[in-house]
Protein chains: 2
Amino acid sequence: MRREEIDEKFKWDLSKIYPSMEEYNKDFNIVKNEIPKLEEYKGKFLDSVEIFLEFMEIYEKVSRKLSKLSMYSHLAVDVEPGNEEIQTLEANISGLSNEYSNSIVFMELEIGKNEEKAKKILEDERCKKYTNMINSILRYNPHRLSDETEEVINMAGNAMTAYNTYKSIKLEYEPVIIDGKEYFLNDETLREFLKNPDENVRKQAYEKVYKEYKKFSNIFASTLEGAMKEDVFFSKVRKFNSPLEASVFDDEVKPELFNKILKMANETYHKYFLEYLDIMREVLGKENLYSYDLRLPLVKESNSKYTLDDAFELIFKAVENLGEDYRKIIEKARDERWIDYLPHENKRLGAYSSGCYDTNPYILTSFTQDIESVFTLIHELGHSAHSYLSNNNQEYINSDYRIFVAEVASTVNENLLLNLLIHNAKTKEEKQFLLYKKIDEFQGTCYRQPFFAEYENVLHEKAANNEGLSAKTLTDIYDDLSEKYYGGKVKLHEYSKYSCFGIPHFYYNYYVYKYTIGNCVASVIAKRIYNGDKEQIEKYLNFLKSGSSKSPVELLTLAGVNPLEDNLYKEAFEGFKQDLEEFKKVI
Amino acid sequence: MRREEIDEKFKWDLSKIYPSMEEYNKDFNIVKNEIPKLEEYKGKFLDSVEIFLEFMEIYEKVSRKLSKLSMYSHLAVDVEPGNEEIQTLEANISGLSNEYSNSIVFMELEIGKNEEKAKKILEDERCKKYTNMINSILRYNPHRLSDETEEVINMAGNAMTAYNTYKSIKLEYEPVIIDGKEYFLNDETLREFLKNPDENVRKQAYEKVYKEYKKFSNIFASTLEGAMKEDVFFSKVRKFNSPLEASVFDDEVKPELFNKILKMANETYHKYFLEYLDIMREVLGKENLYSYDLRLPLVKESNSKYTLDDAFELIFKAVENLGEDYRKIIEKARDERWIDYLPHENKRLGAYSSGCYDTNPYILTSFTQDIESVFTLIHELGHSAHSYLSNNNQEYINSDYRIFVAEVASTVNENLLLNLLIHNAKTKEEKQFLLYKKIDEFQGTCYRQPFFAEYENVLHEKAANNEGLSAKTLTDIYDDLSEKYYGGKVKLHEYSKYSCFGIPHFYYNYYVYKYTIGNCVASVIAKRIYNGDKEQIEKYLNFLKSGSSKSPVELLTLAGVNPLEDNLYKEAFEGFKQDLEEFKKVI
């Protein structure tokens, strides 16, 4: 289908951002003209409260307008990537953004170097809203080096290319052969082949993929070792005690939180994962589980169809306990056309929620009437409602919530819908499918990711000790941890240890543990909301309104779930255990 | 053959280094005990001439003994890599070397920071011999940064891994099929296939290799771009004007010299290379030359056999004009058993000359009685004579000549032998073979390397301008330069541009131009010596005695060939032109 053929009501309305190119150009020129004014404050913007406020006014004006301009072209290009006019907008915006970034480099440096002046400014009532912004810069002071060294570190970062090289490795696999016919194999189709009931097909596809990873293991090892050395470099020069400490510092988190999550998932509640594997083996009726069996679905896929009206009906029902105001946001999203629903030629794949302080939080998706489309929609609506509430309740400077907490709002929504559907399921098959979806997603984020996190932590520690990370070392460690992870319940294929090279997240410097936190938090919150826990609902809505006005851990605590306390994990993992029991009953 | 089965007279005599393990251990313990004494001079070794001399006495003692110990185990392990006792020696020496390096890190830092004190010390007559050592440190001062930054740069270097990743890429090729039979193809056997008279075989092998380079071109591009970014990083942080300037600074050379070489080879005298291609096409009787034709030999290989006695007779004759003293060094090499001649099981492949101030300059080779073995022997004897003369005429601190000039002595010897053999050739085939060898080697170092040098220079410049180096960019540039290099006389295969990814030298930061200088210089010197030019002979022998007592360019000028002057190149390239004419006459 082509975009022109789609009814306007299924497309988002970007004219709410700029009704015409004239309006767009007006803002563009304002930003262009104001950027040089920012630079005039270099060396003096902390001299007095008045000058500071003057500067911040221009800063906010420029920064907000620039975000709005960028958002417009980013959204427009995603549905019309071939449109040359929009491409030109994007290119121009990118140049303008660079100009802007360069013009305010001094801001962070000068705040960092003038701690006393900055703190003095915060004492003025009119500057209170800048507390977070300034403190988040000042807390880096113990890790800030001389200007000369900072420049060198910055330049060094540009010359570190391990991840780039990793991304450039494109493996090709021999085709899978079924009944003499060749089938194309890549990382996408592998997922399908691994669901094939025929063991020979699964094994064949698995081996044809991972033998290539084995073949190129020296290259993969070299880039992964490189990535670890890079993380170690940045943590050491900035005088952190470990790469872990350096990485979580950004999120105002201490290594203890990371370690707690690993302890909970990989030790305290690991037994439930082993139970999941037992159930898997029993349901599949297999004597042994092999590495290539682990993506076999335990239930039949749902083929229910949902119109958009059906979808919204379900969604409204799912979020009912969040109250009228929350419902109204979703109505707004629908009625004010925040959403671009349908897949069409050239449209960007996937789904997202994206917006800024001065635009609606738009949603791009590909609604195809299956149950997954409904889950995707409620997921993205979770993000959009979070953005809407933060933008409407926080000053600009404190509105933009961080990745660390971003997935909570979306996953809570998904869980609310799951809980509703499970409760209302009419057939045994439906209940099986939904419960399986729930436990499968939980084990994917709350067991698999902590296993990955432990692996990347071992690698970082070894690199920090100057231990070499050869292909043998990297795969041996992965093999050992896999044995521990699967608790002897999976017969590991001789190639399975090479699968560590297929996971890009190991290049993201301690990223995956955030998935676990997000999901633990969301499953607990959703369950309480589903059960009508008034206090939880109020706390959660407050959390959604809080943007980035506090640290991530403070925000979660505000939401009623303190990630530093064991209780949260107990509730989340025991919830998984309950779902396992439910599933056992219906299977 | 096993080493035990070989007569002692064909093996080198390492007992001249240490007659027994007792002697070895004695030195080992001396070094071990003296290293801590070095550290006691930290912060004070420049305080007075007396303290400085005291320190240097220990420094030289430790450093010389350590070199001797390392040399012994390095040589011993190369002929007996499986010997566990020697492996243990190597491991222990490596630990001791690290201790030593760490113990004298302060030396360079403190000289750099105390320029005045250091210069004051040099005024004392007893310290004159340290002038070079100290000046070579002081000249880095404008490029030295704060201790903090230097440490960061050092750490950053450890996290830059592009070359490591490049080295880990091991391509596999489909076998070459000739008459239905499969033949193993790798980078070694490719060279043989490219000599095959059957065009189909050459083309097949060429395509099977370079299609793999094409397939992995994104990875290669990423590592090559990474290497360029690394070179740019180091040159920028050290405030050089360009990566070229930074790289040649080590050799006390200015970019002008590099540019001159490129101008001479790629412009002024490029016409002779095109003539060489014309001759090639004519001799091969082909209408067109293709990329896979360029390694086709123009002449039949020689199959003359030479005993060691024959070889030495030829060698003595070849170096006759260098005089009695030079001959005596070669006699010493033979009679005092500096040389390990024969190939055998487990022995290291290849050939080298290696020694230190307190050992003979040993030679490892694989003498197989063909003419190439004789050339290899005289080549390595050239290095050994250079080392012997430098060690016997210079203080320890000024004895170790640099890579930049190292290949002159060996290549002069090869050229002397070539000139002699060409002059004495009895058959037309012999003369063809020898002249071809000469012109082929010249074009390989004096045309091909400057072409590579231009390529790497373009890449460095683009990287310095923050231009991205994608696979397309890298191969397009290589394609354009190849067209220019071959002057339209070779039909470039569509894969030929991917051959840039097979050349490790592009990771060596402006290395290859040194080959060109070495060969230009050597061919000119050898010709003059061959012609009995007394002044040249004396100057050359003085050069061989000079070690590292002057800068490379000064040393070459001392040798009678100033690389900054056009004359040298005129003489070298016109010599090539003459050889071409000679070759045309006999073919």
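Above this text sits the structure in question.
The structure presented is a predicted model; accordingly, all values stated were derived computationally and were not measured.

Let's talk about the pattern of salt bridges
All names here are of chain A.
Part 1 of the argument: For the structure shown, the criterion picks out 108 salt bridges over all chains.
Part 2 of the argument: A salt bridge links R238 to E150; its shortest N-O distance comes to 2.7 Å. Taken together, the residues R238 in the loop between helix 11 (217-237) and helix 12 (243-249) and E150 in helix 7 (residues 147-158) connect sequence positions 88 residues apart. With respect to burial, R238 and E150 carry one shared label: buried.

Thoughts on the sheet that holds strand 6 (residues 362-364) of chain B
Residue and element names in this part refer to chain B.
Part 1 of the argument: Strand order in the open sheet made by the three strands is 4-6-5, with mixed pairing throughout. If you trace the sheet from one side to the other, it starts and ends with strand 4 (339-340) and strand 5 (352-354), each paired once.
Part 2 of the argument: For strand 5 and strand 6, the ladder comprises three bridges, and the chain directions are antiparallel. Among the inter-strand pairings, Y352 is bridged to a residue of strand 6, identified as L364.

Some remarks on the relation of the copies chain A and chain B
Part 1 of the argument: After a rotation of 179° and a shift along the axis of 0.0 Å, chain A superposes on chain B with an RMSD of 0.1 Å. Interpreted geometrically, this transformation is the action of a two-fold axis. For chain A, the smallest separation between a C-alpha atom and the rotation axis is recorded for T149 of chain A, amounting to 2.6 Å.
Part 2 of the argument: When the interface residues of chain A are mapped onto chain B, 100% of them are again interface residues, pointing to one common binding face.

Comments concerning the interface of chain A and chain B
Many analyses report the size of an interface as the accessible area lost when the parts associate.
Part 1 of the argument: Listed as interface residues are 29 residues of chain A and, on the opposing side, 29 residues of chain B.
Part 2 of the argument: Carbon and sulfur atoms make up 67% of the area that chain A and chain B hide from each other, which totals about 2500 Å².
Part 3 of the argument: Counting across the chain A and chain B interface gives two salt bridges.
Part 4 of the argument: A salt bridge links E172 of chain A to K215 of chain B; the nearest nitrogen and oxygen atoms lie 4.0 Å apart.
Part 5 of the argument: The interface formed by chain A and chain B contains nine residue pairs in polar contact (both at pLDDT 80 or more).
Part 6 of the argument: Those elements that place two or more of their residues in the side of chain A that touches chain B are helix 7, helix 8 (162-168) and helix 11 of chain A.

Some thoughts on the nonpolar core
Part 1 of the argument: Among the nonpolar cores identified, the biggest contains 400 residues, and F573 of chain A together with F573 of chain B are the most heavily contacted of them.
Part 2 of the argument: When near neighbours in sequence (up to four residues on either side) are disregarded, F573 of chain A contacts M264, A265, Y269, Y272, F442, C446, Y447 and C520 of chain A.
Part 3 of the argument: Counting residues in each nonpolar core, the second largest holds 18 residues, with I153 of chain A together with A156, A159 and F233 of chain B among its members.

Here's the deal with the environment of V283 of chain A
All names here are of chain A.
Part 1 of the argument: Structurally, V283 is set in helix 14 (residues 270-284).
Part 2 of the argument: Taking relative accessible area as the criterion, V283 reaches 30% and is therefore assigned partly exposed.
Part 3 of the argument: Residues contacting V283, with those up to four places away along its chain left out, are L298 and I587.

Looking at the packing of aromatic side chains
Where two aromatic rings form a pair, the distance of their centres and the angle of their planes describe that pair.
Part 1 of the argument: Evaluated as defined, the whole model comprises 116 aromatic pairs over all chains.
Part 2 of the argument: When the ring of Y206 of chain B is compared with that of Y210 of chain B, the centres are 4.8 Å apart and the planes differ by 55°; the resulting orientation is tilted. Remark: Y210 of chain B and Y206 of chain B occur in helix 10 (residues 199-215); sequence separation between them is four residues, near one turn of the helix.
Part 3 of the argument: On the accessibility criterion, Y206 of chain B (6% relative accessible area) is buried.
Part 4 of the argument: You can call Y210 of chain B buried: its relative accessible area is 14%.
Part 5 of the argument: Its guanidinium or amino end placed over the ring of Y41 of chain A, K44 of chain A lies 5.7 Å from that ring's centre, counting from NZ or CZ.
Part 6 of the argument: Stacked on the ring of Y140 of chain A, the Lys or Arg R139 of chain A has its end atom at 6.0 Å from the ring centre.

Observations regarding the packing of helix 21 (residues 513-530) of chain B against helix 24 (residues 566-586) of chain B
Residue and element names in this part refer to chain B.
Part 1 of the argument: Put simply, helix 21 and helix 24 touch, their axes get as near as 9 Å, and they point 75° apart. One finds that helix 21 runs roughly perpendicular with respect to helix 24. Contacts between helix 21 and helix 24 involve C520, V521, S523, V524, K527 and R528 from the former and L568, Y569, E571, A572, F573, G575 and Q578 from the latter.
Part 2 of the argument: Grouping the amino acids of the contact of helix 21 with helix 24 by side-chain chemistry returns seven nonpolar, three polar and three charged.

With respect to helix 18 (residues 403-424) of chain B
The periodicity of an α-helix, 3.6 residues per turn, causes residues three or four places apart in sequence to face the same way.
Part 1 of the argument: With 22 residues, helix 18 of chain B extends 33 Å between its outermost C-alpha atoms, agreeing within 8% with the 32 Å of an ideal straight helix rising 1.5 Å per residue.
Part 2 of the argument: Of all 22 residues in helix 18 of chain B, 18 are buried, a share of seventy percent or more.

Some details on the side chain of N519 of chain A
Residue and element names in this part refer to chain A.
Part 1 of the argument: Position of N519 relative to the elements: it lies in helix 21 (residues 513-530).
Part 2 of the argument: In this structure the side chain of N519 is engaged in a polar contact, spanning 2.3 Å, whose partner is the side chain of T445.
Part 3 of the argument: Residues contacting N519, with those up to four places away along its chain left out, are T411, N415, E441, F442, T445 and C446.

Some details on the sheet that holds strand 5 (residues 352-354) of chain A
Part 1 of the argument: The sheet built from three strands is open, its strands ordered 4-6-5 (chain A) with mixed pairing. Of all the strands in the sheet, just strand 4 (339-340) and strand 5 of chain A have a single pairing partner and so form its edges.

Some points on the side chain of D27 of chain B
Residue and element names in this part refer to chain B.
Part 1 of the argument: As for its position among the elements, D27 is in helix 1 (residues 21-39).
Part 2 of the argument: Among the residues examined, D27 registers a relative accessible area of 6% and is labelled buried.
Part 3 of the argument: Within the local environment of D27, its side chain forms a polar contact with the side chain of Y18, the two groups lying 2.6 Å apart.
Part 4 of the argument: Setting aside anything within four residues of it in sequence, one finds D27 in contact with Y18, K65, K68 and L69.

Digging into helix 7 (residues 147-158) of chain B
Part 1 of the argument: With twelve residues, helix 7 of chain B should cover 16 Å at 1.5 Å per step; its first-to-last C-alpha distance of 17 Å lies within 8% of that length.
Part 2 of the argument: Buried residues of helix 7 of chain B: T149, E150, V152, I153, M155 and A156 of chain B, and no others.
Part 3 of the argument: Of the surrounding secondary structure, the elements contacted by the buried residues of helix 7 of chain B are helix 7 and helix 11 of chain A together with helix 11 (217-237) of chain B.

Remarks on the packing of helix 19 (residues 428-464) of chain A against helix 21 of chain A
Residues and elements named next belong to chain A.
Part 1 of the argument: Across the interface, helix 19 lies against helix 21 with an axial gap of 8 Å and an inter-helix angle of 150°. Classified by chirality, the crossing of helix 21 by helix 19 is left-handed. For the pair helix 19 and helix 21, contact is made by E441, F442, T445, C446, Q449, P450 and A453 and by Y513, Y515, T516, N519, C520 and S523, respectively.
Part 2 of the argument: The class makeup of the residues in the contact of helix 19 with helix 21 is seven nonpolar, five polar and one charged.

Considerations on the environment of G350 of chain A
All names here are of chain A.
Part 1 of the argument: With respect to the helices and strands, the residue G350 is situated in the loop between strand 4 and strand 5.
Part 2 of the argument: When the C-alpha atoms of G350 and T376 are compared, they prove to be 9.5 Å apart, with 26 residues separating the residues in sequence.
Part 3 of the argument: Excluding its chain neighbours within four sequence positions, the residues that come into contact with G350 are L364, T365 and S366.

A few points about unusual backbone geometry
Part 1 of the argument: Phi is positive for N346 of chain A, close to 70°, though the residue is something other than glycine.
Part 2 of the argument: Position of N346 of chain A among the secondary structure elements: in the loop between strand 4 and strand 5.
Part 3 of the argument: When its relative accessible area of 58% is taken as the criterion, N346 of chain A is described as exposed.
Part 4 of the argument: Even without glycine at this site, R337 of chain B takes up a positive phi of about 55°.

About the cut-offs
Residues numbered from 1 in each chain as written. Chains lettered and ligands numbered in written order. Predicted model: local features only at pLDDT ≥ 70, side-chain atom pairs only at ≥ 80, totals over all residues. Heavy atoms only, no water. Salt bridge = Lys/Arg side-chain N within 4 Å of Asp/Glu carboxyl O. Helix = DSSP H or I, 4+ residues; strand = E, 2+ residues; numbered from the N terminus. Buried < 20%, exposed > 50% of the residue type's maximum accessible area, 1.4 Å probe, protein only. Pairing = 2+ DSSP bridges. Least-squares fit on C-alpha atoms with pLDDT ≥ 70 in both. Contact = heavy atoms within 4.5 Å. Buried area = accessible area lost by both parts, 1.4 Å probe. Polar contact = N/O pair within 3.5 Å; in protein donor to acceptor, adjacent residues only side chain to side chain. Core = buried A, V, L, I, M, F, W, Y, C linked by side-chain atoms within 4.5 Å. Phe/Tyr/Trp six-rings, centres within 6.5 Å; stacked < 30°, edge-to-face > 60°. Lys NZ or Arg CZ within 6 Å of the ring centre and 35° of its normal. Axes fitted to C-alpha atoms, helices over the stretch in contact; angles between N-to-C directions. Parallel < 35°, antiparallel > 145°, perpendicular 65-115°, else oblique. Nonpolar A, V, L, I, M, F, W, Y, C, P; charged D, E, K, R; others polar. Expected span 1.5 Å × (residues − 1). Left-handed = near helix turned anticlockwise from the far one by under 90°.

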